[in-house]
Amino acid sequence: MTTEPQRLQYLEAMGLTAWVARYQLPNARPTEACEWTLPERAVPAPPAERLHALLDEAEAAPRQAPPASTAGESARPRPPRRARQLLGIEPEGETPETDTAPLGVKTANADAPSPETSPETTPTMPRQAQEPLRFTLQLACLAGRWLVFLPQPSAPDAAQSELLSNALKAAGIDVPVPLVFETFRWPPMENLPVEAPLEEAREGLAAFIDGSTQRRGWSPERVLIFGRDETLMRLLETSEGEGRVEPLGLPGWQGPGLDELEQSAAAKRSLWPTLLAWRQAWSVKDAEADD
């Protein structure tokens, strides 16, 4: 059996490029781990030893006669001697040299910006990594017209589905079959780079709705949100009651969740005026379609 490293070597020898996923894909088999033998790196010599070696090589090299200096130019000291002076090592038989550069030259060099402070070489601060928004949403569509959002991790159970169907029937919206909810989770994958958490989450949800609309032939007119979730309210810019979902460009409503309606009689009573408004909005659209 050919191992994965051998297979990659064969492909490289044949001139074929092997593509590997940068991130772990959902439901993908984990990548097989293998041991790679890394070449041993030579231990670098200490900086002091490397510096002395360079000085010895410079002294051993044949000295060439310096060119005749022109007027206004000052003689520069030899690098080996200057380096030894900085290290506190004075060659025998030589007198220490003094810096004979003109004062004007020193002042000009001192006023010049250093490479560290030059505006052209100032490094830019890297952007800080941000955490993505995290939420789970159940999404369905009433007769291809009204979107239904449930901010909960799983689809509604049998009792919640029956409660939702009865509420829609009371509003004059007949649902012949139970709604089929799809789960939308954000982020879709972990360890993804994030620059704008809010905008990226909005674009992801809008792309998911657009894809479902094209595949199923939906024509969304309104959004119904059963449940309260701070992240989703911030994402859709919604509040309690009737309003408008600006990121989707649709009118919307947000109220108590199905679990609260199932257990609270007060929540059911507060929903009755809303059901009347739904009946009018649904029937007006039906009348326009008949005309």
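Residues numbered from 1 in each chain as written. Predicted model: local features only at pLDDT ≥ 70, side-chain atom pairs only at ≥ 80, totals over all residues. Heavy atoms only, no water.

Asks: Honestly, the pattern of salt bridges in this entry has me stumped. Any pointers?
Replies: Side chains that carry opposite charge are capable of pairing whenever their charged atoms lie near each other. This model, assessed by the stated rule, comprises nine salt bridges. The partner of E221 in a salt bridge is R145, with the nearest N and O atoms 3.3 Å apart. Linking E221 in the loop between α6 (197–216) and β4 (222–226) with R145 in the loop between β1 (135–142) and β2 (146–150), this pair joins segments that are 76 residues apart in sequence. The class for E221 is partly exposed, based on a relative accessible area of 22%. Measuring nitrogen to oxygen at the nearest pair gives 3.2 Å for the salt bridge that ties E182 to R216. (Salt bridge = Lys/Arg side-chain N within 4 Å of Asp/Glu carboxyl O. Helix = DSSP H or I, 4+ residues; strand = E, 2+ residues; numbered from the N terminus. Buried < 20%, exposed > 50% of the residue type's maximum accessible area, 1.4 Å probe, protein only.)

Asks: Would you explain α6 in this entry?
Replies: Within an α-helix, residues lying three or four positions from one another point in the same direction, as the helix has 3.6 residues per turn. In a regular helix each residue adds 1.5 Å, so 20 residues correspond to 28 Å; α6 covers 29 Å between its end C-alpha atoms and thus fits that length. Here α6 has its buried residues at P197, L198, A201, G204, L205, I209, G211, S212 and T213. Contacts from the buried residues of α6 go to β1, β2, β3 (182–186) and α7 (230–236). In the stretch just after α6, G217 is the one whose phi turns positive, near 70°. (Expected span 1.5 Å × (residues − 1). Contact = heavy atoms within 4.5 Å.)

Asks: Looking at this model, I keep getting lost on the packing of aromatic side chains. Mind explaining?
Replies: The description of an aromatic ring pair rests on the distance of the ring centres and on the angle between the ring planes. Applying the stated criterion to the full structure yields seven aromatic pairs. Summarising the aromatic geometry, the rings of W146 and W282 are spaced 5.1 Å apart at their centres and angled 85° between planes, so their arrangement reads as edge-to-face. Residue W146 is located in strand β2, and its partner W282 is located in helix α9 (residues 265–290); the two are separated by 136 residues in the primary sequence. You can call W146 buried: its relative accessible area is 2%. Owing to a relative accessible area of 8%, W282 belongs among the buried residues under this scheme. Each residue in the set F135, F184, W186 and F208 is aromatic and connected to the rest through ring pairs, giving one cluster. For the cation-ring pair, R222 lies above W146, with the distance from its terminal atom to the ring centre recorded as 5.3 Å. (Phe/Tyr/Trp six-rings, centres within 6.5 Å; stacked < 30°, edge-to-face > 60°. Lys NZ or Arg CZ within 6 Å of the ring centre and 35° of its normal.)

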